[in-house]
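Given next are the chains, with one letter for each unit.
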Amino acid sequence: MAFITKIKWVVLSVITLSLASIIIHLSLAKFWAVNIVQYKAMPSLPENFVPTSGGQVIKNKKLWGSIQSLEALQPYANARSNYSAPKDQSNRFIYAKVFGGFANIRSSICDLVAVARFLNATLIIPEIQESTRSKGISSKFNSFSYIYNVDQFIAYLKNDVNIARTLPEGLMERRRKNEIPSFKTTSSASPDFYLDQILPKLKQSKVIGLIITNGGALQSILPPGMENIQRLRCRVAFHALEFRPEIQRLGRRMVHKYEYLAVRRISLDFFFILRLRAYGQPFLVYHPGLLRDTLAYNGCGELFQDVHTELIQHRRAQMIKDKILKGELNVNSHLQRDKGLCPLMPEEVGILLRVMGYPAKTIIYVAGSETFGGQRVLIPLRAMFTNTVDHTSLCSERELSELFGPETSLIPKSYRAPPAKSQKVLTDEWKRAGPRPRPLPPPPDRPIYQHEKEGWYAWITETPIEPDPSPLDLRMRAHRLLWDALDYIVSLEADAFFPGFNNDASGWPDFSSLVMGHRLYETAASRTYRPDRKVVAELFNITRENMYHPKHNWTILVQEHLNRSLAEEGLVRQSLLSKPAVFLSHPLPECSCRIASSKIVNHVRGQNGRYLYGDEDQCPKWMQRANMAGSVLKEGTKSEDDEPDYESNDFVDESDKSEGKTNQSQIWDQDEEMDPND
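Residues numbered from 1 in each chain as written. Predicted model: local features only at pLDDT ≥ 70, side-chain atom pairs only at ≥ 80, totals over all residues. Heavy atoms only, no water.

(A) Structural view of the sheet that holds strand S13 (residues 496-499). Within the open sheet, the 5 strands sit side by side as S12-S11-S10-S13-S14. Their pairing is parallel. Both outer strands of the open sheet, strand S12 (388-389) and strand S14 (527-528), are each paired with one neighbouring strand and no more. Relative to S13, strand S10 (residues 283-287) runs parallel, the two sharing 4 bridges. Bridging from a neighbouring strand, His287 pairs with Pro499 of S13. (Pairing = 2+ DSSP bridges. Helix = DSSP H or I, 4+ residues; strand = E, 2+ residues; numbered from the N terminus.)

Structure (structure tokens):
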């Protein structure tokens, strides 16, 4: 009897505890529901917020530190002498249509301003065709203001060239009637071409039109005596061409802020958007440069698989037909890669970064609105660096929609099934089918659904002729301009930048070259890798069969090459290969000056007598005083003895840091394999 009583008490206790637990949970749920309804969004975390992932973040100087040999270079694009302001009124006008992507547009606008300067003409705000031809984009933007700030563009260049928003009414009427002469310019056009052929037409008709399709309207390297025109290009690219405020705010928010965003779906839900510098950690930007046009031009189709190779070859055939490219259709892509004409694949870049010592937790931002091959080619990189992100990871759908503005909906083309045949028609076909017995008819074709006909590659399975871009494709091209603008802002703010493809044989402007030139202008000492793809291809051919377990001496060779590309050797090579095609990719020495120091500057000349490095003007005294004050402040606030010079490296062995032996002597002392997973 006593045992049964104990059991009853145990059961009663369990029931009581269960009821108490239910009441507590309901109370907590009600409390949190009230807080969620009242809490909408928090623009930034509180000042006393301490991340749980760790304490103070110390940068590895060998991976993120500035290049000391380039710290003397400072941005200085002001006109030097004999440079007068334009006349208040000019009766000559130039308007232009600019075709191409983000890099082509940016480079072309800089050339247009330079052309308007030495022709003494008023420049009409250029028309960006990628946004003009797009269907249904927001009506609040015109072609130029879709990306750039028109007011800033006009105000900053008021002492350089006259700029107007539109043509006068009389000239506008002539343009509607197609009575204005137009010229299709090239990026190799010389100043003499404009003075001898364009200027007489401009004086005669008072207005001309320029059509720019290949990313430039003026040759990159100008004759001696036109350095002020080169500096004008720099002022346009690095100061006047500001993105519109919405793009700038979102781009800087992607880098510097992190916030909670509330989205109401079926119920109120929260998600956390982590920005790049949320915990103060440095980050690296990698631009693959995998564009269909550049891959087709350089014959790199065999580096891909399946439909992607066919798409590249189709584009190459079209280039040959349009006389854009002179060459054979079928080329050996592996030989092209050995020549340095093909991009570094994301897998190879991941291995190079691991060899340099970047740990697996490094934040890698993948820039570029188009990565040919899709996310599949990025899988090896994401496997090596788990914190690999892009603009879709750092921006919510609401933020991107606000950037695009109100857009009209595009009605997709609906799939129409073939009309059904009546019983009479089927019977007649059966009677006309021939003598019996006959084999069974083939099974009906599988219907092609709507989702299979969407996308830029769907046509390849149906027709050998590439169709015209659909309205959705045109809108996507306009959106890519905004995505590239966001990536451009992030790339300039990055602690390190690594290009996957630049200086290719086409001579067209590319995203990586423009970013590298802008970083060289603003902060020359920042870590910007300039790898020689030919040398890197030779190194990978040595260990192609064992890339994930390279020999130790191979890792040393890679580190030496990439470290040299950060400094003078990389700048000299950039001046030789990139500057003749795109001036903005290497604006030295015209747009920089050098702080006076006791170090001897190495002057490097090319075969044609042009200075490749070391011929910068001396900075004015006010700039040297400001730089000296900044150096004193930096030394007073930071002591090198208080912070470690390196952090642990999980790819390269740290044992060769021992005393008594140099790194070079130990290259051949040990030849053990490096395990990336140790």
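Here the narrative resumes, following the displayed structure.
(B) Just the state of the cysteines, in detail. Applying the stated criterion across every chain, the model contains 3 disulfides. With its sulfur 1.9 Å from that of its partner, Cys234 forms a disulfide with Cys591. With the S-S dihedral at roughly 85°, the linkage between Cys234 and Cys591 falls on the right-handed side. Residue Cys234 is found in helix H8 (residues 227-240), and its partner Cys591 is found in the loop between helix H23 (568-577) and strand S15 (592-594); the two are separated by 357 residues along the sequence. By the burial criterion, Cys234 is buried, and Cys591 matches it. (Disulfide = S-S within 2.5 Å. Buried < 20%, exposed > 50% of the residue type's maximum accessible area, 1.4 Å probe, protein only.)

(C) Representation of the pairing of strand S11 (residues 363-366) within the structure. Of the two faces of S11, the one lined by Ile363 and Tyr365 and the one lined by Ile364 and Val366 are each fully buried. Bridge count between S10 and S11: 4 bridges; the pairing is parallel. Counterpart to Phe283 in the pairing with S11 is Ile363. As judged from the 2 bridges shared by S11 and S12, these two strands associate in the parallel manner.

(D) Representation of the pattern of salt bridges in the model. Applying the stated criterion across every chain, the model contains 22 salt bridges. Residues Arg176 and Glu173 are paired through a salt bridge, measuring 2.9 Å at the closest nitrogen-oxygen approach. Here Arg176 and its partner Glu173 are both found in helix H6 (residues 169-176), 3 residues apart, which amounts to about one turn of the helix. Residue Arg176 is classed as exposed on the basis of its relative accessible area, which comes to 53%. For Glu173, a relative accessible area of 35% gives the class partly exposed. The partner of Glu569 in a salt bridge is Arg564, with the nearest N and O atoms 3.2 Å apart. Using a relative accessible area of 46% as the deciding quantity, one classes Glu569 as partly exposed. For Arg564, a relative accessible area of 38% gives the class partly exposed. (Salt bridge = Lys/Arg side-chain N within 4 Å of Asp/Glu carboxyl O.)

(E) Region of interest: the packing of aromatic side chains. Going through the model one piece at a time under the given rule, you end up with 16 aromatic pairs. Ring geometry for Phe102 versus Tyr488: centroids 5.6 Å apart, planes at 50°, classification tilted. Of the two residues, Phe102 sits in helix H3 (residues 102-118) while Tyr488 sits in helix H19 (residues 471-493), which places them 386 residues apart along the sequence. By relative accessible area, Phe102 is classed as buried at 4%. Judged by its relative accessible area of 2%, Tyr488 falls in the buried class. With 6.0 Å between their ring centres and 45° between their planes, Phe102 and Phe511 make a pair best called tilted. Here Phe102, found in helix H3, pairs with Phe511, found in helix H20 (residues 511-522); they are 409 residues apart in sequence, far enough to count as distant. Grouping aromatic residues by their ring pairs yields a cluster made of Phe102, Phe144, Tyr148, Phe153, Phe243, Tyr488 and Phe511. Taking NZ or CZ as reference, Arg244 lies 5.7 Å from the ring centre of Tyr146, over its face. (Phe/Tyr/Trp six-rings, centres within 6.5 Å; stacked < 30°, edge-to-face > 60°. Lys NZ or Arg CZ within 6 Å of the ring centre and 35° of its normal.)

(F) Broad picture of the packing of H3 against H8. Look at H3 against H8: their axes get within 9 Å of each other, and the N-to-C directions meet at 135°. Considered as vectors, H3 and H8 are oriented oblique to each other. As for the relative orientation of H3 and H8, their crossing is right-handed in sense. Contacts between H3 and H8 involve Arg106, Ile109, Cys110, Asp111, Val113, Ala114, Arg117 and Phe118 from the first element and Ile229, Leu232, Arg233, Val236 and Ala237 from the second. (Axes fitted to C-alpha atoms, helices over the stretch in contact; angles between N-to-C directions. Parallel < 35°, antiparallel > 145°, perpendicular 65-115°, else oblique. Left-handed = near helix turned anticlockwise from the far one by under 90°. Contact = heavy atoms within 4.5 Å.)

(G) Structural detail: the sheet that holds strand S18 (residues 617-618). What the 3 strands build is an open sheet, ordered S1-S15-S18; its pairing is mixed. The open sheet is flanked by strand S1 (73-75) and S18, the only strands paired with a single partner. Of the pairings in the sheet, the one linking S15 to S18 comprises 2 bridges and is parallel in character. Along S18, the bridge assignment pairs Arg594 with Gln618.

(H) Representation of unusual backbone geometry within the structure. Note the cis peptide between Leu588 and Pro589, where omega equals 0°. Counting through the fold element by element, Pro589 comes out in the loop between H23 and S15. Residues other than glycine seldom take positive phi values, yet Asn82 does so here, at roughly 55°. One can find Asn82 in the loop between S1 and strand S2 (93-98). For Asn178, which is not glycine, the phi dihedral falls at a positive 60°. Here Asn178 shows up in the loop between H6 and strand S6 (182-185).

(I) Layout of H20. Taking 1.5 Å as the rise per residue, H20 with 12 residues should run 16 Å; its terminal C-alpha atoms sit 17 Å apart, in good agreement. Within H20, 11 of the 12 residues are buried, leaving the element largely enclosed by the surrounding structure. Within H20, burial applies to Phe511, Ser512, Ser513, Leu514, Val515, Met516, Gly517, His518, Arg519, Leu520 and Tyr521. Structurally, the start of H20 carries an N-cap: the backbone nitrogen of Ser512 is 3.3 Å from a side-chain oxygen of Asp510. (Expected span 1.5 Å × (residues − 1). Polar contact = N/O pair within 3.5 Å; in protein donor to acceptor, adjacent residues only side chain to side chain.)

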